[in-house]
Amino acid sequence: MRLREVNNARFFVDWFNKGKNLDFVIDENFNDEQSHIDVVIRSKNLDKEINIQNVAYRDGTLYAYGTSNIPGLRPLLVLGGAMSDIERKESLIKCITDKEKKYPKSLVKNIVLIIEVTIPAITPEQIKKLFSAGIITDFMGVYFVQLPVTIPSVDDKYGEVGYVYPLKEILFYV
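As the structure is a prediction and not an experimental result, all values here were calculated from the model.

Enquirer: What is the right way to look at the overall build of the chain in this model?
Expert: The secondary structure content of the chain amounts to four helices and eight strands. For the chain, the N- to C-terminal ordering of α and β elements is α-β-β-β-β-β-α-α-β-α-β-β. For the chain, buried positions account for 38% of its 174 residues. Here the analysis covers contacts within the chain between residues at least 6 apart in sequence; of these, 63% occur between residues at least 24 apart. Of the roughly 10,700 Å² of accessible surface on the chain, a fraction of 54% belongs to carbon and sulfur atoms.

Following this line, the structure appears as structure tokens:
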């Protein structure tokens, strides 16, 4: 398990447990880097486990090296590119379907896909607008996760902003 994957899964699990009054925890013993699974979470109360696959959403990200007065330092700048709603939706669908095609359907149906959002940023409101009719996928669930980051507000106070947005909810617990 990579730290990035664990951090995304931990944020998702906290959100998932709070919203549904569940007790899932990350299985710290799972450590197979060659697997189709990045993280496994388990619930003692439900006697269930959920397999999580993490994918980073990076379409539209532009990289460029900057200049610096410090010898030997060339900072890498990361910029989000402008995309139309149609292009953004198509790139998100491609992000999901590319991961879906990577594994047999028998495995995919038992995986929750976490889409890590950093740059380019996408808000829950944008996701809701782009996918107003939902999405058809073989994944058990699909969730966008943006870890909390500290951002300045208009009144110079800092706050943490992060979210989990369910594009396709897990329904096994109902």
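Enquirer: How should helix 1 (residues 3–20) be read in this particular structure?
Expert: Given 3.6 residues per helical turn, the α-helix brings residues three or four places apart onto the same face. In this model, helix 1 (18 residues) spans 25 Å end to end at C-alpha, consistent with the 26 Å of a helix rising 1.5 Å per residue. For helix 1, the set of buried residues is Glu5, Val6, Asn8, Ala9, Phe12, Val13, Phe16 and Asn17. Viewed end-on, helix 1 has its buried residues packed into an arc of 160°, placing them on one side of the element. Residues Leu3, Lys18 and Gly19 are exposed on helix 1 and point more than 90 degrees away from its buried face. Looking one or two residues past helix 1, Asn21 carries a phi angle of roughly 55°, positive in sign.

Enquirer: Looking at this structure, I do not really get the layout of surface pockets. What am I missing?
Expert: Over the atoms rolls a probe the size of a water molecule, and in doing so it shows where empty space is left. Space inside the largest pocket adds up to approximately 200 Å³. Lining the largest pocket are 14 residues, with Arg2, Glu5, Glu33, Asp38 and Gln53 positioned closest to its centre. Among the residues forming the lining of the largest pocket, the class breakdown is four nonpolar, three polar and seven charged.

Enquirer: Sorry if this is basic, but what is going on with the nonpolar core here?
Expert: The tendency in soluble globular proteins is for nonpolar side chains to be buried as a group. In this structure, Ile115, Ile127 and Phe144 are the most contacted members of the largest nonpolar core, which totals 21 residues. Of all elements in the fold, only strand 3 (48–57), helix 2 (85–101), strand 6 (111–117), helix 4 (124–130), strand 7 (141–152) and strand 8 (158–168) reach the threshold of two or more residues within this core. Sorting elements by how many residues they give to this core places strand 6 first, with four residues. Every residue in contact with Phe144, bar those within four places of it in the chain, is listed here: Leu92, Ile115, Val117, Ile127, Tyr163, Val164, Tyr165 and Leu167. Listed in part, the 18 residues of the second largest apolar core include Ala9, Val13, Ile26 and Val112.

Rules behind the numbers
- Residues numbered from 1 in each chain as written.
- Predicted model: local features only at pLDDT ≥ 70, side-chain atom pairs only at ≥ 80, totals over all residues.
- Heavy atoms only, no water.
- Helix = DSSP H or I, 4+ residues; strand = E, 2+ residues; numbered from the N terminus.
- Buried < 20%, exposed > 50% of the residue type's maximum accessible area, 1.4 Å probe, protein only.
- Contact = heavy atoms within 4.5 Å.
- Areas by Shrake-Rupley, 256 points an atom, 1.4 Å probe, with all protein chains shown as cover.
- Expected span 1.5 Å × (residues − 1).
- Arc of directions from axis to C-beta.
- 1 Å grid on protein atoms, 1.4 Å probe; cavity = no way out; pocket = protein on both sides within 12 Å on 5 of 7 lines; lining within 4 Å.
- Points joined across faces, edges and corners; volume = space filled by probe spheres on them.
- Nonpolar A, V, L, I, M, F, W, Y, C, P; charged D, E, K, R; others polar.
- Core = buried A, V, L, I, M, F, W, Y, C linked by side-chain atoms within 4.5 Å.

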